[in-house]
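# Tertiary structure, described
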Amino acid sequence: MQHPGAEDREAAAENSLDAILPNSFAAGAMPIYMQRRRLPIAASREQLMYLVDSFQTTIVVGATGSGKTTQLPQFLFEEKWGNAGIIACSQPRRIAVTSDVFEMTAARVAEEMGVEIGKEVGYAVRFDDVTSEKTKIKYMTDGILFREALLDPLLSRYSVVIIDEAHERSLYTDIMLGILKKIMKKRPELRVIISSATLDAQVFKDFFNFNTTADASKDTAVIVSIEGRAFPVDIQFSKMPHADYVNESVEVVLHIHKHEEEGDILVFLTGKDEVDTVVALINDMAKSSKHLLNKIRAIPVYGGLTLDEQNQVFESLPSGVRKVVVATNIAEASITIDGIVYVVDCGLAKIKAYNPKTGLESLIVVPVSKASAQQRAGRAGRTKPGKCFRMYTERTYLGLSDTSVPEMQRSNLVSVILQLKAMGIENVLRFDFLSAPSAESMAKALELLYSLKALDDYGRLTMPFGLQLAEFPLDPPLAAMLLNSGGFLCAEETLSIAAILTVQNVFVSPSNLRVEAEEEHRKFRVEEGDHVTYVIDSILHVFDKYFQFSKVYNAFIKNKQSAQWCHKRFVNYKALQRAVVVRKQLEKYLKKFGVDIRSCRGDTVAVRKAVVSGYFSQAAKLQPDGSYATLRERTICHIHPTSVLFNRSPNYVVFNEVLQTDRIWIRDVSVVDDPKWLTDIASHFYEFKS
Ligand code: CDP
Ligand code: MG
């Protein structure tokens, strides 16, 4: 829908923002326009556009909330950069952040421009492309941008590429920087803008400055800082370390509520479960305690909430009610909530970490860096002076590392190396990495790709298998499982499994109904393991119903009738709907690659062999004490309580996922009936010792 006055607005914006008189707009459009004008970045518009014209790379440094993400693409569009190609804005896709953030950003920008989302402004994340022929501003994950480069090595459809949140140093952002550097040498007209919230801009400038002489006037890269409007934030450290930061964060919130002036509170925790716990505790108290009654309200924010749920956080509460936003890392840089005056920081974050020694990648909770801690504190000083309560001691703070370790140096590189090979970069060891990963991680990745038969004896991509594997928008082991399942005659089943593994969390277990949920989930369980549970006689059953009834009960479904069924069985309706979409897309890939798509009709051996064909490197053997040891590296691990195989102790298992707390937990586990499956299917990887 076109907003009234939008055309005038665009036309006027093309001349100069300052020339516009507010009365040339419809009343409804005014507030958002005023908001645009008041962002710190608005004052730097002319300078920014001049620099982008003159330098191939512009590094823009500015505090979160200054307007980099929403305004830069619009400025470029207004300056006609859209005529030469698409203006891309890529952002890291963090664990805490789902597609919602991309949708939210694109929706906001579309609203500011008075256009419909998906037309001039769109976004693309894995399995979701909301763009059209008309799209000139495209928000996308760094992973998707990397994929575009795989199909279009010079990114010829793009005129400007904005690498947003580059300071995060995510895996694909780092890789993209290396690739862009190559492309820019061949496409001098391409413009790259690196946006960063912290002050490590010099690293980026050095990387992109092709000028090697001492004459700075010939630089090809430039740094520009946007004046922020940050107010001072008073930092308070804990006197003592907190053992139970989850419960104690509630205490801190109550303390603020009792002793501090008005203003909303933002609490940083590490994950969804913690956030839900704290939100429930605070809201229960607000309902039951007399002096808190209706004076405080907690709202959760994490990836995976619906858009509506997430938007709640931006709504203002009745006056006199204090808002407490309880969030994961998502609120550190990717979204900005107005009105926050107090920040409570647990000092920890959940990250993905790969250990080349164990060959396992897992989610772990680690202390944040000083840069992150400062970033979190800064959230309190956006509208007026604020306070940050750090739930750790000053000594702990001083011991934190300055910046986080780039993801490149703590990641499983299998995907990246496979895709670099597919781009024709044969010698990945000599790729121009901003921070090179360890030789050990690279070697591990190359070995696994060889065992998956994606690389040949000379380290070249195999045809067509290696290339197909690279093209699949999935981790190589999962893609291998799908591609190989044609041979095991069970592609129908593996498609559903892959879809469910991709969407995750299909089972719901509300804290107040654990027993009931457990009871319902038990009905789905089969003894062969989680993969089979997801598909044969269970989720496929869910699918059956979904499809079978969708024709007859279309109206019911529109009225969320099937959601009720999901509700009753404690399965996640939203996730399953998403799985249906994902499955369709994966099926397209299999068809394109000519894989024989058939059902094994309940043959669980076929399904598990297909799983082994992708995940053989993650196999473990039962130990006398009931734990498991991975076959190659002998890493001790335990089957996660949410797995159907918990306490069942099969001799050999294969697994998909690792979660690390005080122990190493494995999730999505299947029984391997005979170790010969492993040696037969992955003979490169295992030698059978009888
Ligand atoms: O990227 P940066 O952190 O510099 O700022 P931004 O994401 O462009 O946001 C600029 C401002 O736009 C924020 O302060 C928000 O007030 C507003 N905004 C919004 O209201 N809704 C969104 N979905 C995104 C931004
Ligand atoms: Mg931003």
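Residues numbered from 1 in each chain as written. Chains lettered and ligands numbered in written order. Predicted model: local features only at pLDDT ≥ 70, side-chain atom pairs only at ≥ 80, totals over all residues. Heavy atoms only, no water.

## Section: the nonpolar core
The tendency in soluble globular proteins is for nonpolar side chains to be buried side by side. Heads up, the condition is: The definition of a nonpolar core used throughout is a set of buried Ala, Val, Leu, Ile, Met, Phe, Trp, Tyr and Cys residues joined through side-chain atoms within 4.5 Å. Classification of residues uses two cut-offs on accessible area relative to the type maximum, computed with a 1.4 Å probe and protein chains only: under 20% is buried, over 50% is exposed, and between them is partly exposed. Each helix corresponds to a stretch of at least 4 residues labelled H or I by DSSP, and each strand to a stretch of at least 2 residues labelled E; elements are numbered beginning at the N terminus. Note on contacts: a residue pair is in contact if any heavy atoms of the two residues lie within 4.5 Å.
Residues Leu-180 and Leu-420 are the most contacted members of the largest nonpolar core, which totals 113 residues. The dominant element in this core, judged by the number of residues it contributes, is helix α7 (residues 171–186), at nine residues. If we skip the residues at most four places from it in the chain, Leu-180 touches Leu-155, Val-161, Ile-163, Leu-190, Val-192 and Phe-208. Judged by nonpolar contacts, the second largest core, of 31 residues, contains Val-52, Trp-81, Ile-193 and Ile-226.

## As for the environment of Asn-505
By the secondary structure assignment, Asn-505 is in the loop between α19 (491–503) and α20 (514–522). Separated by 71 residues in the primary sequence, Asn-505 and Leu-576 have C-alpha atoms spaced 9.4 Å apart. Here Asn-505 is in contact with Asn-572 and Ala-575, once residues within four sequence places are set aside.

## Quick notes on the confidence of the model for the protein chain
Under the convention used in this document: Predictor confidence is given residue by residue as pLDDT, running from a minimum of 0 to a maximum of 100.
Overall, the prediction assigns the protein chain a mean pLDDT of 85, with 89% of residues at 70 or greater. Highest mean pLDDT in the protein chain belongs to strand β6 (residues 158–163) (98); lowest belongs to helix α23 (residues 554–558) (28). A low-confidence stretch, residues 537–561 (pLDDT under 50), is modelled with 32 contacts involving residues beyond four sequence positions or located in other chains. Both scores are available for the predicted complex, with the pTM at 0.82 and the ipTM at 0.98.

## Describing the pairing of β6
Heads up, the condition is: Note on pairing: DSSP must find at least two bridges between two strands before they are called paired. For crossovers, right-handed means that the path from the first strand over the helix to the second runs clockwise, given strands pointing away from the viewer.
Within β6, six of the six residues are buried, leaving the element largely enclosed by the surrounding structure. The pairing of strand β2 (residues 86–91) with β6 spans five bridges and is parallel. Considered in β6, the bridge of Cys-89 is made with Ile-162. Alignment of β6 against strand β7 (residues 191–196), held across four bridges, turns out to be parallel. Looking at the pairing, Ile-163 lines up with Ile-194 of β7. As for the winding sense of the linkage, the β-α-β connection from β6 through α7 to β7 is right-handed.

## Considering empty space enclosed by the protein
Applicable threshold: Both cavities and pockets are sets of points on a 1 Å grid over the protein atoms alone; in a cavity a 1.4 Å probe fits but cannot get out, in a pocket the set is open with protein on both sides within 12 Å along at least five of seven lines, and lining residues sit with an atom within 4 Å of a point. Grid points are joined across faces, edges and corners, and a volume is the space filled by probe spheres set on the points. When residues are grouped by polarity, Ala, Val, Leu, Ile, Met, Phe, Trp, Tyr, Cys and Pro land in nonpolar, Asp, Glu, Lys and Arg in charged, and all others, Gly among them, in polar.
Scanning the model with the defined rule gives two cavities of 30 Å³ or more in all. Empty space within the second largest cavity amounts to approximately 50 Å³. Considered class by class, the residues forming the lining of the second largest cavity number five nonpolar, one polar and two charged.

## Examining the pattern of salt bridges
For the record, the criterion: By definition here, a salt bridge exists when the distance from a side-chain nitrogen of Lys or Arg to a carboxyl oxygen of Asp or Glu is within 4 Å.
Tallied over the full model, the rule gives 35 salt bridges. Taken together, the shared-partner salt bridges in this structure form one network comprising Arg-36, Arg-45, Glu-46, Glu-78, Glu-79, Arg-108 and Glu-112.

## Brief notes about helix α3 (residues 45–54)
The test is simple: The arc under discussion is defined with respect to the helix axis, by the directions toward the C-beta atoms.
Among the residues of α3, Arg-45, Leu-48, Met-49, Leu-51 and Val-52 are the ones counted as buried. Taken end-on, α3 shows its buried residues confined to a sector of 160 degrees, consistent with a single buried face. For α3, the exposed residues lying more than 90 degrees away from the buried face are Glu-46, Tyr-50 and Asp-53.

## A look at the sheet that holds strand β8 (residues 221–225)
As a reminder, the rule being used: The angle between two axes is taken between their N-to-C directions and runs from 0 to 180 degrees, where each axis is a line fitted to C-alpha atoms and a helix contributes only its stretch in contact.
Strand order across the open sheet formed by eight strands is β4-β3-β5-β2-β6-β7-β1-β8, with mixed pairing between neighbours. At either end of the open sheet lies a strand with only one pairing partner, and these are β4 (128–130) and β8. The mean angle between the axes of side-by-side strands here comes to 20 degrees, regardless of whether they run parallel or antiparallel. Together, β1 (57–61), β7 and β8 form the strand contacts of α3, whose direction differs from that of β8 by roughly 170 degrees.

## So, the site of ligand 1
Where we set the bar: Nearness here has a simple test: a residue counts as near a molecule or strand if at least one of its heavy atoms is within 4 Å of that partner. Two N or O atoms count as a polar contact when they lie within 3.5 Å, although within protein this holds only if one can serve as hydrogen donor and the other as acceptor, and sequence-adjacent residues are included solely when both atoms are side-chain atoms. Here the open area of atoms and residues is found with the Shrake-Rupley method and a 1.4 Å probe, where only the protein chains shown may cover a residue.
Taken together, 14 residues lie around ligand 1, and Gly-65, Gly-67, Lys-68, Thr-69 and Thr-70 are the ones closest in. Within the backbone of Gly-67, an N or O atom sits 2.9 Å from an oxygen atom of ligand 1. When ligand 1 sits alone it has 530 Å² of accessible area, and the protein chains cover 84% of it. Broken down by element, the residue count for the shell around ligand 1 peaks at three residues, all from helix α4 (residues 68–78).

## Observations concerning helix α9 (residues 245–259)
We count it as follows: Every helix has an expected span of 1.5 Å times one less than the residues it contains.
Helix length check: α9, at 15 residues, gives a terminal C-alpha distance of 20 Å against a target of 21 Å (1.5 Å per residue), a fit within 8%. Listed as buried for α9 are Tyr-245, Val-246, Ser-249, Val-250, Val-252, Val-253, Ile-256 and His-257. Here the buried residues of α9 occupy an arc of 160 degrees about the axis, which is enough to place them on one side. Seen from the open side of α9, the exposed residues pointing more than 90 degrees away from its buried face are Glu-251, Lys-258 and His-259.

## Observations concerning the pairing of β2
Among the six residues that make up β2, six are buried, leaving the element largely enclosed by the rest of the structure. Burial along β2 is two-sided: Ile-86, Ala-88 and Ser-90 and Ile-87, Cys-89 and Gln-91, pointing in opposite directions, are all buried. Pairing geometry for β2 and strand β5 (residues 137–141), over five bridges, is parallel. When the bridges of β5 are listed, Ile-87 appears paired with Ile-137.

## Describing the packing of aromatic side chains
Note the following rule: Any Phe, Tyr or Trp ring, taking Trp's six-membered ring, that has another such ring centre within 6.5 Å forms a pair; planes under 30 degrees apart are called stacked, those over 60 apart edge-to-face, and the others tilted. By definition here, charges over rings are those cases where NZ of Lys or CZ of Arg is within 6 Å of the ring centre and within 35 degrees of the ring normal.
Applying the stated criterion across every chain, the model contains ten aromatic pairs. Among the aromatic residues, those joined into a cluster by ring pairs are Phe-237, Tyr-392 and Tyr-397. Note that Lys-181 overlies the ring of Phe-207, its terminal NZ or CZ placed 4.1 Å from the centroid. Here the guanidinium or amino end of Arg-632 rests over the ring plane of Phe-685, the centre of that ring lying 4.1 Å away.

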